[in-house]
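Okay, here's what each chain looks like letter by letter:
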Amino acid sequence: MKVDQKGHTTTIKNTQYKTAEFLTKFSNEYNSFKNQNLIIDLSTDKEIVMEDVKSFSELIKKHKKNKKSFVLVTDSIDYNKVPSSITLVPTLLEAHDIIEMEEIERDLGF
């Protein structure tokens, strides 16, 4: 797991685990990241399936209650089939853009 923090956003890259294993490891360390906007880079797991993405749902809901962004990154999933409660994008650049837009919305009170 590689962690990169820039300003109000932390990017966590899954470097060696299957997504399910990574989620377990990340969940155990979640409290140290709960006050940051999070980008979870799952792009190294080429065998990722929709159930892996959906397994982040509870953590995403918990994180968004704190008024922070939670974005998953992978280009191996059909985006049309992802539930609307999950923000999934194909690149890190798009993840940063989403977080900036959500920050602006929160600042404006939306």
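Use the structure listed above.
Residues numbered from 1 in each chain as written. Predicted model: local features only at pLDDT ≥ 70, side-chain atom pairs only at ≥ 80, totals over all residues. Heavy atoms only, no water.

Caption draft 1: The arrangement of the overall build of the protein in detail. A tally of regular secondary structure across the protein gives four helices and five strands. In the protein, the succession of helices and strands from N to C terminus is β-β-α-β-α-α-β-β-α. Relative to its length of 110 residues, the protein is compact, with a C-alpha radius of gyration of 13 Å against a globular reference of 13 Å. Projected onto the principal axes, the alpha-carbon positions of the protein cover approximately 40 × 30 × 25 Å. Per-residue burial for the protein yields a buried fraction of 40% across its 110 residues. (Helix = DSSP H or I, 4+ residues; strand = E, 2+ residues; numbered from the N terminus. Rg over C-alpha atoms; globule rule 2.2 N^0.38 Å. Buried < 20%, exposed > 50% of the residue type's maximum accessible area, 1.4 Å probe, protein only.)

Caption draft 2: View of the layout of surface pockets. Reported here for the largest pocket is a volume of approximately 170 Å³. Lining the largest pocket are K2, D4, K6, T9, T10, T11, K13, D41, L92 and H96. Mapped onto the lining of the largest pocket, the elements with two or more residues apiece are β1 (2-6), β2 (9-13) and α4 (92-108). Of the residues forming the lining of the largest pocket, the biggest block, four residues, is contributed by β2. Broken down by class, the residue content of the lining of the largest pocket amounts to one nonpolar, four polar and five charged. (1 Å grid on protein atoms, 1.4 Å probe; cavity = no way out; pocket = protein on both sides within 12 Å on 5 of 7 lines; lining within 4 Å. Points joined across faces, edges and corners; volume = space filled by probe spheres on them. Nonpolar A, V, L, I, M, F, W, Y, C, P; charged D, E, K, R; others polar.)

Caption draft 3: Region of the structure containing the pairing of β1. Among the five residues of β1, zero are classified as buried, and the element is accordingly described as predominantly exposed. Relative to β2, β1 runs antiparallel, the two sharing five bridges. Note on β2: the bridge partner recorded for K2 is K13. Linking two consecutive strands that pair antiparallel, namely β1 and β2, is a turn of two residues; a positive phi of about 60° is found at G7 within it. (Pairing = 2+ DSSP bridges.)

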